Amino acid sequence: EKSQDCMYLQYCKVCQSYKAPRSHHCRKCNRCVMKMDHHCPWINNCCGYQNHASFTLFLLLAPLGCIHASFIFVMTMYTQLYNRISFGWSSVKIDMSAAKRDPRPIIPFGLSAFAASLFALGLALGTTIAVGMLFIIQMKVILTNKTSIESWIEEKAKDRIQYYQTGETFIFPYDMGSKWKNFKQVFTWSGIPEGDGLDWPVRDGCHQYSLTIEQLKQKADKRVRSVRYRAVEDYSGVCCPVTKGVKTFFTTPCTEEPRIALSKGDLILATRGLKHWMYGEKILDSAADGGIRERGWFPRKCVEKCQYDSETDQQVDGEKKNR
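Per an unreviewed UniProt entry, the protein chain goes by the name Palmitoyltransferase and belongs to Buceros rhinoceros silvestris.

Encoded structure:
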(Lines give C-alpha, C1' and ligand atoms only; values in the text may rest on other atoms or scores of the structure.)
Protein backbone atom coordinates (compact mmCIF):
# COMPACT_ATOMS: atom_id res chain seq x y z
CA GLU A 1 0.00 0.00 0.00
CA LYS A 2 2.92 2.36 0.62
CA SER A 3 4.84 2.44 -2.64
CA GLN A 4 7.67 4.46 -1.09
CA ASP A 5 8.46 1.52 1.20
CA CYS A 6 9.30 -0.80 -1.71
CA MET A 7 12.93 0.22 -1.51
CA TYR A 8 13.13 -1.33 1.97
CA LEU A 9 11.37 -4.62 1.16
CA GLN A 10 12.43 -7.87 -0.45
CA TYR A 11 10.59 -9.08 -3.53
CA CYS A 12 9.53 -12.72 -3.86
CA LYS A 13 9.82 -13.83 -7.47
CA VAL A 14 7.76 -16.95 -6.83
CA CYS A 15 4.80 -15.24 -5.14
CA GLN A 16 5.21 -12.14 -7.36
CA SER A 17 4.85 -9.76 -4.43
CA TYR A 18 6.84 -7.94 -1.76
CA LYS A 19 7.60 -9.74 1.47
CA ALA A 20 6.36 -8.26 4.72
CA PRO A 21 9.00 -7.75 7.44
CA ARG A 22 9.99 -11.04 9.10
CA SER A 23 8.39 -13.04 6.27
CA HIS A 24 10.21 -15.69 4.26
CA HIS A 25 9.33 -17.95 1.39
CA CYS A 26 9.05 -21.68 2.14
CA ARG A 27 10.03 -24.02 -0.69
CA LYS A 28 8.03 -26.88 0.85
CA CYS A 29 4.77 -24.96 1.30
CA ASN A 30 5.41 -22.84 -1.83
CA ARG A 31 4.27 -19.64 -0.16
CA CYS A 32 5.59 -16.77 1.94
CA VAL A 33 5.06 -17.32 5.66
CA MET A 34 4.70 -14.48 8.17
CA LYS A 35 7.39 -14.54 10.87
CA MET A 36 8.67 -17.86 9.58
CA ASP A 37 10.82 -19.85 12.00
CA HIS A 38 11.30 -23.08 10.03
CA HIS A 39 9.44 -25.78 8.15
CA CYS A 40 8.68 -28.78 10.36
CA PRO A 41 8.22 -32.12 8.54
CA TRP A 42 6.59 -33.69 11.62
CA ILE A 43 3.59 -31.35 11.49
CA ASN A 44 3.84 -31.01 7.67
CA ASN A 45 3.63 -27.24 8.00
CA CYS A 46 5.67 -24.13 8.69
CA CYS A 47 6.19 -22.79 12.19
CA GLY A 48 5.47 -19.08 12.05
CA TYR A 49 3.31 -16.22 13.25
CA GLN A 50 0.01 -18.08 13.63
CA ASN A 51 1.24 -21.31 15.25
CA HIS A 52 4.54 -20.46 16.98
CA ALA A 53 2.97 -20.81 20.45
CA SER A 54 1.16 -24.05 19.58
CA PHE A 55 4.33 -25.55 18.13
CA THR A 56 6.35 -24.64 21.24
CA LEU A 57 3.69 -26.21 23.49
CA PHE A 58 3.90 -29.33 21.33
CA LEU A 59 7.66 -29.41 21.95
CA LEU A 60 6.93 -29.24 25.70
CA LEU A 61 4.10 -31.76 25.91
CA ALA A 62 5.72 -34.41 23.68
CA PRO A 63 8.69 -34.95 26.07
CA LEU A 64 6.35 -34.92 29.07
CA GLY A 65 4.25 -37.65 27.45
CA CYS A 66 7.39 -39.64 26.66
CA ILE A 67 8.59 -39.30 30.27
CA HIS A 68 5.22 -40.63 31.44
CA ALA A 69 5.49 -43.54 29.00
CA SER A 70 9.07 -44.26 30.11
CA PHE A 71 7.95 -44.48 33.73
CA ILE A 72 5.22 -46.97 32.77
CA PHE A 73 7.66 -49.10 30.76
CA VAL A 74 10.26 -49.15 33.53
CA MET A 75 7.74 -50.07 36.24
CA THR A 76 6.17 -52.75 34.04
CA MET A 77 9.49 -54.43 33.29
CA TYR A 78 10.59 -54.13 36.91
CA THR A 79 7.47 -55.72 38.40
CA GLN A 80 7.29 -58.49 35.79
CA LEU A 81 10.98 -59.38 36.07
CA TYR A 82 10.86 -59.26 39.88
CA ASN A 83 8.09 -61.87 39.91
CA ARG A 84 10.13 -64.15 37.61
CA ILE A 85 13.52 -64.02 39.31
CA SER A 86 14.69 -66.97 41.41
CA PHE A 87 17.85 -66.76 43.46
CA GLY A 88 20.01 -69.85 43.85
CA TRP A 89 23.23 -70.55 45.70
CA SER A 90 25.41 -69.89 42.68
CA SER A 91 23.24 -68.21 40.06
CA VAL A 92 20.24 -66.02 39.40
CA LYS A 93 17.63 -67.36 36.98
CA ILE A 94 14.82 -65.55 35.19
CA ASP A 95 11.81 -67.59 34.10
CA MET A 96 9.96 -65.66 31.38
CA SER A 97 7.29 -68.33 30.94
CA ALA A 98 4.96 -67.31 33.77
CA ALA A 99 4.80 -65.24 36.91
CA LYS A 100 5.38 -66.97 40.22
CA ARG A 101 2.94 -64.80 42.09
CA ASP A 102 -0.74 -64.09 41.83
CA PRO A 103 -2.57 -62.20 40.52
CA ARG A 104 -1.31 -62.96 37.05
CA PRO A 105 -1.17 -60.13 34.53
CA ILE A 106 -4.13 -59.67 32.20
CA ILE A 107 -1.75 -59.36 29.22
CA PRO A 108 0.88 -62.13 29.09
CA PHE A 109 4.37 -60.73 29.53
CA GLY A 110 6.75 -63.00 27.70
CA LEU A 111 10.11 -62.53 26.05
CA SER A 112 8.62 -60.73 23.02
CA ALA A 113 6.71 -58.31 25.27
CA PHE A 114 9.89 -57.61 27.22
CA ALA A 115 11.84 -56.88 24.02
CA ALA A 116 9.05 -54.62 22.71
CA SER A 117 8.88 -52.72 26.01
CA LEU A 118 12.65 -52.26 26.06
CA PHE A 119 12.61 -50.97 22.47
CA ALA A 120 9.74 -48.60 23.22
CA LEU A 121 11.60 -47.33 26.28
CA GLY A 122 14.59 -46.46 24.11
CA LEU A 123 12.38 -44.58 21.65
CA ALA A 124 10.67 -42.68 24.47
CA LEU A 125 13.96 -41.64 26.07
CA GLY A 126 15.44 -40.64 22.69
CA THR A 127 12.38 -38.54 21.86
CA THR A 128 12.53 -36.91 25.28
CA ILE A 129 16.12 -35.82 24.76
CA ALA A 130 15.78 -34.76 21.11
CA VAL A 131 12.48 -32.88 21.36
CA GLY A 132 13.43 -31.47 24.76
CA MET A 133 16.53 -29.89 23.24
CA LEU A 134 14.39 -28.37 20.48
CA PHE A 135 12.09 -26.91 23.14
CA ILE A 136 15.04 -25.29 24.91
CA ILE A 137 16.28 -23.81 21.62
CA GLN A 138 12.82 -22.46 20.79
CA MET A 139 12.44 -20.85 24.23
CA LYS A 140 15.80 -19.14 23.86
CA VAL A 141 14.80 -17.47 20.59
CA ILE A 142 11.30 -16.63 21.88
CA LEU A 143 12.68 -14.88 24.98
CA THR A 144 14.71 -12.63 22.66
CA ASN A 145 11.70 -12.20 20.32
CA LYS A 146 13.53 -13.82 17.42
CA THR A 147 13.07 -16.77 15.12
CA SER A 148 15.67 -19.34 14.11
CA ILE A 149 16.06 -17.58 10.74
CA GLU A 150 16.45 -14.17 12.38
CA SER A 151 19.14 -15.51 14.71
CA TRP A 152 21.04 -16.63 11.62
CA ILE A 153 20.51 -13.22 9.97
CA GLU A 154 21.91 -11.50 13.07
CA GLU A 155 25.02 -13.69 12.97
CA LYS A 156 25.55 -12.91 9.28
CA ALA A 157 25.15 -9.20 10.05
CA LYS A 158 28.04 -9.38 12.51
CA ASP A 159 30.17 -11.21 9.96
CA ARG A 160 29.38 -8.64 7.26
CA ILE A 161 30.26 -5.69 9.50
CA GLN A 162 33.48 -7.37 10.61
CA TYR A 163 34.46 -8.27 7.03
CA TYR A 164 34.00 -4.78 5.61
CA GLN A 165 35.03 -2.89 8.78
CA THR A 166 32.16 -0.43 8.32
CA GLY A 167 32.04 0.55 11.98
CA GLU A 168 28.25 0.23 12.10
CA THR A 169 26.36 -1.64 14.81
CA PHE A 170 23.41 -3.86 14.03
CA ILE A 171 20.71 -3.83 16.73
CA PHE A 172 17.96 -6.42 16.44
CA PRO A 173 14.84 -4.22 16.23
CA TYR A 174 12.19 -6.55 17.68
CA ASP A 175 13.81 -7.33 21.03
CA MET A 176 11.72 -5.41 23.57
CA GLY A 177 14.52 -5.55 26.16
CA SER A 178 12.44 -7.65 28.57
CA LYS A 179 12.07 -11.43 28.46
CA TRP A 180 8.51 -11.14 29.78
CA LYS A 181 7.52 -8.67 27.05
CA ASN A 182 9.12 -10.88 24.42
CA PHE A 183 7.30 -13.90 25.87
CA LYS A 184 3.94 -12.11 25.61
CA GLN A 185 4.57 -11.44 21.92
CA VAL A 186 4.09 -15.18 21.28
CA PHE A 187 2.05 -16.58 24.19
CA THR A 188 -1.32 -15.03 25.02
CA TRP A 189 -4.26 -16.23 27.13
CA SER A 190 -6.52 -16.27 24.09
CA GLY A 191 -4.05 -18.29 22.04
CA ILE A 192 -4.11 -15.64 19.29
CA PRO A 193 -0.73 -13.91 18.89
CA GLU A 194 -0.49 -10.16 19.16
CA GLY A 195 -0.51 -7.97 16.06
CA ASP A 196 -1.43 -8.82 12.49
CA GLY A 197 1.84 -10.44 11.37
CA LEU A 198 2.75 -7.45 9.17
CA ASP A 199 3.55 -4.56 11.53
CA TRP A 200 5.68 -5.19 14.58
CA PRO A 201 6.64 -3.04 17.58
CA VAL A 202 10.31 -2.09 17.49
CA ARG A 203 12.68 -0.93 20.18
CA ASP A 204 13.70 2.70 20.51
CA GLY A 205 16.19 3.91 17.93
CA CYS A 206 15.28 1.25 15.37
CA HIS A 207 13.51 1.60 12.06
CA GLN A 208 10.44 -0.42 11.10
CA TYR A 209 12.49 -1.91 8.27
CA SER A 210 15.83 -2.27 10.05
CA LEU A 211 15.86 -6.05 9.59
CA THR A 212 14.79 -5.99 5.94
CA ILE A 213 17.41 -3.32 5.16
CA GLU A 214 20.05 -5.60 6.69
CA GLN A 215 18.75 -8.53 4.62
CA LEU A 216 19.05 -6.47 1.43
CA LYS A 217 22.63 -5.59 2.39
CA GLN A 218 23.45 -9.26 2.96
CA LYS A 219 21.97 -10.24 -0.40
CA ALA A 220 24.03 -7.57 -2.14
CA ASP A 221 27.10 -8.77 -0.23
CA LYS A 222 26.40 -12.35 -1.31
CA ARG A 223 26.28 -11.26 -4.94
CA VAL A 224 29.63 -9.53 -4.52
CA ARG A 225 31.25 -12.55 -2.87
CA SER A 226 29.73 -15.10 -5.25
CA VAL A 227 32.04 -16.78 -7.73
CA ARG A 228 31.08 -17.78 -11.26
CA TYR A 229 31.61 -21.42 -12.23
CA ARG A 230 31.03 -23.34 -15.45
CA ALA A 231 29.81 -26.95 -15.54
CA VAL A 232 32.31 -29.31 -17.17
CA GLU A 233 30.35 -32.49 -16.45
CA ASP A 234 26.68 -33.41 -16.46
CA TYR A 235 24.99 -33.91 -13.09
CA SER A 236 21.49 -35.39 -12.77
CA GLY A 237 20.68 -33.78 -9.42
CA VAL A 238 20.57 -36.99 -7.36
CA CYS A 239 21.29 -36.73 -3.64
CA CYS A 240 24.17 -39.23 -3.58
CA PRO A 241 25.79 -39.51 -7.03
CA VAL A 242 27.67 -42.77 -7.53
CA THR A 243 29.62 -41.65 -10.61
CA LYS A 244 31.16 -38.53 -9.02
CA GLY A 245 33.58 -40.27 -6.72
CA VAL A 246 33.48 -42.06 -3.40
CA LYS A 247 34.20 -38.95 -1.33
CA THR A 248 31.43 -37.01 -3.06
CA PHE A 249 29.03 -39.90 -2.46
CA PHE A 250 29.72 -40.17 1.28
CA THR A 251 29.99 -36.43 2.02
CA THR A 252 26.65 -35.35 0.56
CA PRO A 253 25.24 -32.38 2.56
CA CYS A 254 22.86 -33.46 5.32
CA THR A 255 20.22 -30.82 4.60
CA GLU A 256 16.77 -30.49 3.09
CA GLU A 257 18.08 -27.98 0.56
CA PRO A 258 17.66 -29.26 -3.02
CA ARG A 259 20.24 -30.34 -5.57
CA ILE A 260 20.29 -28.76 -9.01
CA ALA A 261 20.84 -30.67 -12.22
CA LEU A 262 23.68 -29.42 -14.40
CA SER A 263 24.45 -29.78 -18.07
CA LYS A 264 27.86 -29.25 -19.54
CA GLY A 265 28.33 -25.52 -20.21
CA ASP A 266 25.86 -24.22 -17.59
CA LEU A 267 26.91 -21.16 -15.58
CA ILE A 268 26.48 -21.13 -11.81
CA LEU A 269 27.01 -18.45 -9.18
CA ALA A 270 28.39 -20.25 -6.12
CA THR A 271 27.80 -18.59 -2.75
CA ARG A 272 29.09 -21.21 -0.31
CA GLY A 273 30.57 -24.65 -0.33
CA LEU A 274 32.05 -27.67 1.37
CA LYS A 275 35.11 -29.68 0.47
CA HIS A 276 33.36 -31.76 -2.19
CA TRP A 277 30.07 -29.88 -2.65
CA MET A 278 29.05 -26.32 -3.51
CA TYR A 279 25.82 -24.34 -3.22
CA GLY A 280 24.79 -21.78 -5.77
CA GLU A 281 22.29 -20.50 -8.29
CA LYS A 282 22.14 -21.43 -11.93
CA ILE A 283 22.33 -18.42 -14.25
CA LEU A 284 19.23 -18.58 -16.44
CA ASP A 285 17.68 -16.45 -19.12
CA SER A 286 15.01 -14.52 -17.20
CA ALA A 287 12.81 -14.03 -20.25
CA ALA A 288 12.96 -17.65 -21.41
CA ASP A 289 12.60 -19.26 -17.98
CA GLY A 290 9.94 -16.96 -16.57
CA GLY A 291 12.12 -15.62 -13.78
CA ILE A 292 12.34 -19.01 -12.04
CA ARG A 293 15.42 -19.42 -9.86
CA GLU A 294 17.24 -22.73 -9.61
CA ARG A 295 19.32 -22.95 -6.44
CA GLY A 296 20.85 -25.93 -4.73
CA TRP A 297 23.88 -28.13 -4.11
CA PHE A 298 26.07 -29.68 -6.79
CA PRO A 299 29.37 -31.63 -6.73
CA ARG A 300 32.48 -29.51 -6.87
CA LYS A 301 33.97 -32.05 -9.28
CA CYS A 302 31.41 -31.09 -11.97
CA VAL A 303 32.42 -27.43 -12.29
CA GLU A 304 35.46 -25.27 -12.83
CA LYS A 305 36.02 -21.64 -11.94
CA CYS A 306 35.53 -19.14 -14.75
CA GLN A 307 38.49 -16.91 -15.56
CA TYR A 308 37.57 -13.25 -15.07
CA ASP A 309 39.21 -10.49 -17.03
CA SER A 310 40.95 -7.62 -15.25
CA GLU A 311 38.08 -5.20 -15.85
CA THR A 312 35.61 -7.46 -14.08
CA ASP A 313 37.97 -8.01 -11.17
CA GLN A 314 38.45 -4.27 -10.73
CA GLN A 315 34.73 -3.74 -10.76
CA VAL A 316 34.18 -6.31 -8.03
CA ASP A 317 37.00 -4.91 -5.89
CA GLY A 318 35.60 -1.41 -6.23
CA GLU A 319 32.16 -2.60 -5.20
CA LYS A 320 33.64 -4.27 -2.12
CA LYS A 321 35.39 -1.06 -1.11
CA ASN A 322 32.22 0.95 -1.59
CA ARG A 323 30.35 -1.48 0.63
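From this point, the narrative continues.
Chemist: Please give an account of a nonpolar patch on the surface that cites residues and values.
Modeler: A grouping of F71, I72, V74, M75, Y78 and Y82 is seen on the molecular surface, where their side chains present a nonpolar patch of about 620 Å² in accessible area. Residue placement: Y78 occurs in helix α1 (residues 52–82).

Chemist: Give a description of the nonpolar core that names residues and reports values.
Modeler: Among the nonpolar cores identified, the biggest contains 14 residues, and Y235, L262, I268, M278, F298 and V303 are the most heavily contacted of them. Among the elements of the structure, β9 (227–231), β10 (267–273), β11 (277–282) and β12 (295–299) are those that each provide at least two residues to this core. Residue contributions to this core peak at three residues, all from β11. Formed by nine residues, the second largest nonpolar core is a distinct cluster that contains I153, A157, F172 and L211.

Chemist: Explain the pairing of β11 to me, and be specific about the residues and the numbers.
Modeler: The side chains of a regular strand alternate, residue by residue, between the two faces of the sheet. In terms of burial, β11 is a largely internal element, five of the six residues being buried. Taken together, the five bridges between β10 and β11 define a ladder with antiparallel strand orientation. Paired with I268 across the strands is K282, a residue of β11. Where β10 folds back on β11, the antiparallel hairpin that results is connected by three residues. The sheet contact formed by β11 and β12 spans five bridges and is antiparallel. Paired with W277 across the strands is P299, a residue of β12.

Chemist: Describe the packing of aromatic side chains, naming the residues involved and giving the relevant values.
Modeler: Per the stated rule, a full pass over the model turns up eleven aromatic pairs. Look at Y11 and Y18: their rings are 5.1 Å apart centre to centre, the planes differ by 75°, and that puts the pair in the edge-to-face class. The exposure class assigned to Y18 is partly exposed, which follows from its relative accessible area of 41%. Note on F249 and F250: the rings are 5.0 Å apart at their centroids and 85° apart in plane angle, and the pair reads as edge-to-face. Across the ring face of W152, the terminal group of K156 is positioned such that the distance to the ring centre comes to 4.2 Å. For R225, the ring lying beneath its charged end belongs to Y163, and the centroid distance is 3.9 Å.

What counts as what
- Residues numbered from 1 in each chain as written.
- Predicted model: local features only at pLDDT ≥ 70, side-chain atom pairs only at ≥ 80, totals over all residues.
- Heavy atoms only, no water.
- Patch = residues over 30% accessible without salt bridge, like charges linked within 9 Å, V, L, I, M, F, W, Y side chains within 5 Å.
- Areas by Shrake-Rupley, 256 points an atom, 1.4 Å probe, with all protein chains shown as cover.
- Salt bridge = Lys/Arg side-chain N within 4 Å of Asp/Glu carboxyl O.
- Helix = DSSP H or I, 4+ residues; strand = E, 2+ residues; numbered from the N terminus.
- Core = buried A, V, L, I, M, F, W, Y, C linked by side-chain atoms within 4.5 Å.
- Buried < 20%, exposed > 50% of the residue type's maximum accessible area, 1.4 Å probe, protein only.
- Pairing = 2+ DSSP bridges.
- Phe/Tyr/Trp six-rings, centres within 6.5 Å; stacked < 30°, edge-to-face > 60°.
- Lys NZ or Arg CZ within 6 Å of the ring centre and 35° of its normal.

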